[in-house]
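# Working through the structure, step by step
Residues per chain, in single letters:
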Amino acid sequence: MNIAYSPCPNDTFVFHAWAHGLIPGAPELDVTYADIDITNNWAAKGKGPEVMKISYAALPWVLEDYKLLPCGGALGRGCGPLVLTAGEIKNASDLAGKRVAVPSERSTAYLLFRLWAAQHIPNGDLEIVVMPFHEIMPAVRDGQIDAGLVIHEARFTYPTYGLSMLTDLGSWWESDTGLAIPLGAIIAKRSLDTDAITNWVRESVEYAWANPEESRPYIMMHAQELSPDVAQAHIDLYVNEFTGNLGDDGYAAITALLGRAAEEGLVPSFDLSLLR
């Protein structure tokens, strides 16, 4: 079975067991390691692997062909995207008319940023620049961009670039809604036995929790030069009870995010019942 997920520690932790043939009855995996922006586009074009990790923000474009699986993904609290500046910009209103770098326009981070900006920036007056994730913090540091939207390990590393946090969009979302933050989703083609795939993903998650040390060499091999401590912090932040099962709280968070985004015209309107 073909699958695509990122080389980030949370994904390699979750899929280590299945990728290494440790799940009885599960088919062998042919793994492609790809940034989530790439998998978002593959899914939208219907050209991706049978199973993929994508952003929840990309779901409205793909739900006719792919089913959201209730496990394996990333939702959470205290793990949201950050808006960073080099220090000159102190308040949200100061961003009016400024250039803000984002890693993708089909990401949960981008939706959260635009929903936050609609409340805090006069007329939503911004210039959005799409930039590869790894270039954003250096560009903000060097003054090429006024602010940057960052995710994942940048939560832990941005001080090394001399940057300041303008806002934690996860904290804003949680205080505004009381809900968790939907980040990365696992999807599978509807033409497949999605119940079986769900079981294999969940077994891989449970194996990772029961045998955390077994996956460490695999995680570090793909950890993009992260230190072991940062890789573990990444896992601790993004792998949680929602990874094992979305549950009603997880689905409520996803529905709230995508429903609001559709109302703002940030994503196409779609049948919310397709989320289940």
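Residues numbered from 1 in each chain as written. Predicted model: local features only at pLDDT ≥ 70, side-chain atom pairs only at ≥ 80, totals over all residues. Heavy atoms only, no water.

Let us now look at the pairing of strand β1 (residues 2–5). Direction of pairing for β1 relative to strand β2 (residues 30–33): parallel, over a ladder of four bridges. Each residue of the ladder has a partner; that of A4, found in β2, is T32. Following the chain from β1 across helix α1 (residues 9–19) to the adjacent parallel β2, one finds a crossover that is right-handed. Here β1 pairs with strand β3 (residues 51–55) via two bridges, running parallel. Residue I3 lies in a different strand from β3, and its bridge partner there is V51. (Pairing = 2+ DSSP bridges. Helix = DSSP H or I, 4+ residues; strand = E, 2+ residues; numbered from the N terminus. Right-handed = clockwise from strand over helix to strand, strands pointing away.)

Here the focus is the pattern of salt bridges. In the structure shown here, the tally under the stated rule is seven salt bridges. The partner of R141 in a salt bridge is D142, with the nearest N and O atoms 3.0 Å apart. A relative accessible area of 42% means that R141 is categorised as partly exposed. A relative accessible area of 47% means that D142 is categorised as partly exposed. Measuring nitrogen to oxygen at the nearest pair gives 3.3 Å for the salt bridge that ties R276 to D248. Note that R276 is positioned in the segment after α11 (247–263) and D248 in helix α11, a separation of 28 residues in sequence. Relative accessible area serves as the criterion here: at 57%, D248 is assigned to the exposed category. (Salt bridge = Lys/Arg side-chain N within 4 Å of Asp/Glu carboxyl O. Buried < 20%, exposed > 50% of the residue type's maximum accessible area, 1.4 Å probe, protein only.)

Just geometry here; none of it tells us what the structure is for.
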